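Geometric and topological summary
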Amino acid sequence: MFQYIKENENYKNLINGQWIGTEDFIKIKCPYKNLILGSIPKMKTEDIDKVISSAKEAQKNWSSIGVNERAKILHKAASLLEANCDYLSKILMMEIGKDINSSISEVKRTADFIRFTADAGKNLEGETISADNFPGFKKNKISFAQRVPLGVVLAISPFNYPINLSASKIAPALIGGNSVILKPPTQGAISALHLVKIFQEAGIPDGVINTVTGKSSQIGDYIVTHPDINFINFTGSSQVGKHIAKVAGMVPMMMELGGKDAAIVLSDADLADAADEIVSGAFSYSGQRCTAIKRVIAEESIADDLASLILEGVKKLTVGSPEEGSTITPLIDTAAADFVEELIDDAITKGAVMLHGNKRSENTLYPTLFDKVTSDMRIAWEEPFGPVLPIIRVKDKFEAITLANKSEYGLQSCVFTKNINDAFYIANKLEVGAVQINNKSERGPDNFPFSGVKSSGMGTQGIKYSIEAMTRLKSIVLTIDSCES
Ligand code: NAP
Ligand code: G3H
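The following refers to the structure shown. (Residues numbered from 1 in each chain as written. Chains lettered and ligands numbered in written order. Predicted model: local features only at pLDDT ≥ 70, side-chain atom pairs only at ≥ 80, totals over all residues. Heavy atoms only, no water.)

**A look at the layout of surface pockets**
Take a probe with the size of a water molecule and roll it over the atoms, and the empty space left behind shows itself. Counted as a void, the largest pocket has a volume near 1400 Å³. Looking at the largest pocket, it is lined by 50 residues, and the ones nearest its centre are Phe159, Phe234, Gly236, Ser237 and Val240. Breaking the lining of the largest pocket down by element, the ones donating at least two residues are α7 (216-224), β11 (231-235), α8 (238-248) and α11 (334-349). If one sorts the elements of the lining of the largest pocket by residue count, α7 sits on top with seven residues. Its residues placed into classes, the lining of the largest pocket shows 24 nonpolar, 17 polar and nine charged. (1 Å grid on protein atoms, 1.4 Å probe; cavity = no way out; pocket = protein on both sides within 12 Å on 5 of 7 lines; lining within 4 Å. Points joined across faces, edges and corners; volume = space filled by probe spheres on them. Helix = DSSP H or I, 4+ residues; strand = E, 2+ residues; numbered from the N terminus. Nonpolar A, V, L, I, M, F, W, Y, C, P; charged D, E, K, R; others polar.)

**Looking at empty space enclosed by the protein**
In total, this model carries four cavities of 30 Å³ or more according to the counting rule given. Of the pockets and cavities examined, the largest cavity occupies roughly 70 Å³. Forming the walls of the largest cavity are 16 residues, and the residues nearest its centre are Arg295, Ala404, Tyr409, Ser413 and Val432. Of all elements in the fold, only β13 (261-265), α12 (397-405), β20 (409-410) and β21 (412-416) reach the threshold of two or more residues within the lining of the largest cavity. Of the residues in the lining of the largest cavity, the class split is six nonpolar, five polar and five charged.

**Overview of the nonpolar core**
If you look at the biggest cluster of nonpolar residues, it comprises 94 residues, and the most contacted ones within it are Leu74, Ile170, Leu174, Phe199 and Ile204. Summarising the domain contributions, this core has at least three residues from each of domain 1 (13-257 + 458-473) and domain 2 (261-437). One finds Ala269, Ala282, Ile293 and Ile391 within the second-largest nonpolar core, a separate group that totals 27 residues. (Core = buried A, V, L, I, M, F, W, Y, C linked by side-chain atoms within 4.5 Å. Buried < 20%, exposed > 50% of the residue type's maximum accessible area, 1.4 Å probe, protein only. Domains from an automatic or database assignment.)

**Regarding the site of ligand 2**
Residues in close proximity to ligand 2 include Arg109, Asn160, Tyr161, Arg289, Cys290, Thr291, Glu442 and Arg443, which together make up its full environment. Arg289 is positioned such that a nitrogen or oxygen atom in its side chain is 2.7 Å from an oxygen atom of ligand 2. Within the side chain of Arg443, a nitrogen or oxygen atom sits 2.7 Å from an oxygen atom of ligand 2. Look at ligand 2: alone it shows 300 Å² of surface, and the protein chains cover 95% of it. Most atoms of ligand 2, that is more than half of them, are within 2 Å of grid points of the second largest pocket. (Near = heavy atom within 4 Å. Polar contact = N/O pair within 3.5 Å; in protein donor to acceptor, adjacent residues only side chain to side chain. Areas by Shrake-Rupley, 256 points an atom, 1.4 Å probe, with all protein chains shown as cover. Sits in = over half its atoms within 2 Å of the grid points.)

**Description of the site of ligand 1**
Surrounding ligand 1, one finds 28 residues, the nearest of these being Ser157, Thr186, Ser237, Leu257 and Glu383. In isolation ligand 1 exposes 910 Å². Once the protein is present, 86% of that is buried. Spatially, ligand 1 is embedded in the largest pocket. Of all the secondary structure elements, the ones that give two or more residues to the shell around ligand 1 are α7, β11 and α8. In terms of residues, the shell around ligand 1 owes the most to one element, α8, which gives three residues. A per-class count over the shell around ligand 1 returns 14 nonpolar, eleven polar and three charged.

**Structural notes on the pattern of salt bridges**
One pass over the full model with this rule turns up 26 salt bridges. Across the pair Lys440 and Glu277 runs a salt bridge, and its minimum N-O distance is 3.9 Å. Pair noted here: Lys440 is in the loop between β22 (434-437) and β23 (450-451) and Glu277 is in helix α9 (residues 271-283), with a separation of 163 residues, a long-range link. As a salt-bridge pair, Glu383 and Lys294 come within 2.9 Å of each other at their nearest N and O atoms. Linking Glu383 in the loop between β18 (368-371) and β19 (388-394) with Lys294 in strand β14 (residues 293-299), this pair joins segments that are 89 residues apart in sequence. One network of salt bridges, in which partners are shared, links Glu300, Asp304, Asp371 and Arg393. (Salt bridge = Lys/Arg side-chain N within 4 Å of Asp/Glu carboxyl O.)

**Observations concerning the sheet that holds β21**
The strands that make up a sheet pair up through hydrogen bonds in the backbone, lying either parallel or antiparallel. Reading across from one edge, β15-β18-β19-β14-β13-β21-β22 is the order of the seven strands in this open sheet, with mixed pairing throughout. With partners counted over all chains shown, the strands left at the sheet margins are β15 (353-356) and β22, one partner each. In this sheet, adjacent strand axes meet at a mean angle of 20° when their direction is disregarded. Where β21 and β22 come together, four bridges link them in parallel fashion. (Pairing = 2+ DSSP bridges. Axes fitted to C-alpha atoms, helices over the stretch in contact; angles between N-to-C directions.)

**Remarks on the environment of Arg360**
Here Arg360 shows up in strand β16 (residues 360-361). Overall, Arg360 belongs to the partly exposed group, its relative accessible area being 26%. Residues within four places of Arg360 in sequence aside, it is in contact with Thr334, Ala337, Asp338, Glu341, Leu365 and Tyr366. Only 3.4 Å separates the side chain of Arg360 from the side chain of Asn363, close enough to count as a polar contact. (Contact = heavy atoms within 4.5 Å.)

**Brief notes about the side chain of Ser143**
Locating Ser143 in the fold gives a position in strand β7 (residues 141-149). Reaching out from Ser143, the side chain makes a polar contact with the side chain of Ser475 at a distance of 2.5 Å. Among all residues touching Ser143, those that are not within four sequence positions of it are Glu127, Thr128, Ile129, Ser475, Ile476 and Val477.

Here is the structure:
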């Protein structure tokens, strides 16, 4: 059984094939019990130059290894991940407070993701284009366009999926022939370092995968603006994403950011089904998902009935420890819990009808449901990243669309109705990356295109799309002399 890192130890970063520590460390605490899980290196800017130069050098050989060979290594990594699922899911649970069942799912989903990516890489194709279809060019010029790697990919992942959202950058980058520098979230770094160890064990050559940990305020700008970074693949908050986009300048990037996904419920919907989807969509992992349903927009005529059904579901949610498999667990830190409480207090002060919740025990926020939320309340617009759900009442589908689109975010939305014409009408009008019909918002399956518009991001994630984003078409043009003259 693979056991690189044990609890309560000083972890190291992988740099050019060696696990290297530093003098300064950051302590990682368990979010739900009084336990230090270990410490991660607090790297300085001067350490980062070494990481980037080794990634740059190693990428040259890696890109010349055939895709088939790269795919074999990824398959091995997927198998190792699965073989160590029990151990890894416990580390994940203890580090980010995700309930044990969801932690196991995250690890298994990641193994599937890596396998699918390895196979998708083998199916990447270029194209040949003849010049004679453009005016003024003759038939004897041909472009051979092939996908080539970009170089060094900087992957920055968020705390809520430190294994899955690190691997969903690493695997497509690697199969595309890039080298990778992973900057994991501080809270989540231990899980992510385990993942990287697995890639190393599987046979990724020295320097092709590297890690950087430390205080983002000290090293963040340095790494994202480094001239030898060829692509930034970032998932996290809109605030940090926008900052990176501003400072990084002309480097290609993919940004998967925050959301305020709406569940629009029309009067003809199956309300019981809609309520089930809404409760699980809004409250799983205590709402700490970018795709969580973060507002319900309900037609007035069914709003009372819908609110009662959602309330029934909310009352059944389990609150407690991730180890017991509870859905509602302590939030990632006190600042996160304070922020959610602020939004709840604001809604109460401004007259929202509280149907359930508004109870806090340390960093556990009990699931909170508001009805009759109005546009002057912060909870109507801001992303809580916690277990609080507002219901906003509208007179019809047109008002629902207007309200949904007023958000600064545009990740996903859902429409609940039995009328396929209404479903497509609304879906076409919503300014988001994807619309789910009669289903909660969610990223998976991971081969689907996943993207956000407005403050929710740019670029498209999803296995094939991620590989395409981290490779480019390079053309070699052949001019053939005519044999007829
Ligand atoms: P975050 O605070 O923005 O952090 C995300 C990552 O960026 C972490 O690794 C963080 O490192 C790093 N970082 C912070 N400042 C940086 C800087 N100046 N330069 C470089 N890196 C920097 O987000 P989070 O709290 O981890 O995650 C929650 C947010 O992510 C929510 O808004 C959620 O909606 C969004 N999210 C979006 C998606 C999506 O696919 N659309 C998926 C998951 C999460 P440190 O931890 O060391 O600060
Ligand atoms: O938190 C953001 C993730 O991309 C959401 O993924 O819909 O599978 O929970 P999920």
